[in-house]
Amino acid sequence: MPFDAVIADQLMSAVAFDADDLPGSAVAMYDANLRDPRLVRLLTWLRLERQPTGSLGRAVDHEPKLAATARAQAAGRVRPGDPFDLFTLVLSMAFAWSAASIGYAATADEPDEEHERRRRLLAACVRGAISPGTAPPD
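Our subject in this report is the structure included herewith. Keep in mind that this is a model prediction, so the values were computed, not measured. (Residues numbered from 1 in each chain as written. Predicted model: local features only at pLDDT ≥ 70, side-chain atom pairs only at ≥ 80, totals over all residues. Heavy atoms only, no water.)

**Some remarks on the overall build of the chain**
Check the secondary structure of the chain and you find six helices and zero strands. The linear arrangement of helices and strands in the chain, starting from the amino end, is α-α-α-α-α-α. Counting the 138 residues in the chain, one finds 40% classified as buried. Taking as baseline every contact in the chain between residues at least 6 positions apart, the subset at least 24 positions apart corresponds to 66%. Here the chain displays about 7800 Å² of accessible surface, and carbon together with sulfur accounts for 58% of that area. (Helix = DSSP H or I, 4+ residues; strand = E, 2+ residues; numbered from the N terminus. Buried < 20%, exposed > 50% of the residue type's maximum accessible area, 1.4 Å probe, protein only. Contact = heavy atoms within 4.5 Å. Areas by Shrake-Rupley, 256 points an atom, 1.4 Å probe, with all protein chains shown as cover.)

**Examining the nonpolar core**
Nonpolar side chains in soluble globular proteins tend to end up buried together. Ranked by internal contacts, the top residues of the largest apolar core, which has 27 residues, are L122 and V126. When contributions to this core are tallied by element, the ones reaching two or more residues are α2 (22–35), α4 (59–74), α5 (83–94) and α6 (112–130). In terms of residues, this core owes the most to one element, α2, which gives seven residues. If near-sequence neighbours (up to four positions away) are discounted, L122 is found in contact with A26, V27, Y30, M93, A94 and W97. (Core = buried A, V, L, I, M, F, W, Y, C linked by side-chain atoms within 4.5 Å.)

**Considerations on the pattern of salt bridges**
Throughout the structure, instances matching the rule amount to seven salt bridges. The partner of D20 in a salt bridge is R77, and the shortest N-O contact between them spans 2.5 Å. Taken together, the residues D20 in the loop between α1 (3–12) and α2 and R77 in the loop between α4 and α5 connect sequence positions 57 residues apart. Residues R118 and E110 are paired through a salt bridge, measuring 2.8 Å at the closest nitrogen-oxygen approach. Look at E110 and you get buried, because its relative accessible area is 13%. One connected set of salt bridges, linked through shared partners, spans E110, E114, R117 and R118. (Salt bridge = Lys/Arg side-chain N within 4 Å of Asp/Glu carboxyl O.)

**Re empty space enclosed by the protein**
Here the structure, examined in full by the defined rule, presents two cavities of 30 Å³ or more. Reported here for the largest cavity is a volume of approximately 100 Å³. Lining the largest cavity are ten residues; nearest its centre among them are F17, S25, M29, F87 and L91. Listing elements by their share of the lining of the largest cavity, those giving two or more residues are α2 and α5. For the lining of the largest cavity, the element with the highest residue contribution is α5, accounting for four residues. Within the lining of the largest cavity, the residues separate by chemical class into eight nonpolar, one polar and one charged. Put simply, the second largest cavity is a space of about 40 Å³. What lines the second largest cavity is Y30, N33, L34, P37, A94, W97, S98, A99 and A106. Residue contributions to the lining of the second largest cavity peak at three residues, all from α2. Of the residues in the lining of the second largest cavity, the class split is seven nonpolar, two polar and no charged. (1 Å grid on protein atoms, 1.4 Å probe; cavity = no way out; pocket = protein on both sides within 12 Å on 5 of 7 lines; lining within 4 Å. Points joined across faces, edges and corners; volume = space filled by probe spheres on them. Nonpolar A, V, L, I, M, F, W, Y, C, P; charged D, E, K, R; others polar.)

Set out below in structure tokens:
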């Protein structure tokens, strides 16, 4: 397996993905980035230097997550829309405070209250973004 695929695979398997709990999956990714920011740094390098466009990793690696998201959509638990776009949005929100952030890169050394505040905000924002009552944009 090429280096790029190994790195992308490590990130995608760093936390369990649950299409029925996308807010929880995003918070778990936030925590994974706090525990080990090296992986997101490698992914950022990969994006900048080796693969500036398209999806990081192999499409086949995303298929189980996308299929699970589509099932959650069909059951009315997740808003309509392209499953890959929703997956990308949730990942992006989870990385908001990661080492790849353009706003603020959090560290595990910060007060627990800060992390709890961010976790609550992240979960609420993901919940709002994927809410089935929200119509997709035209």
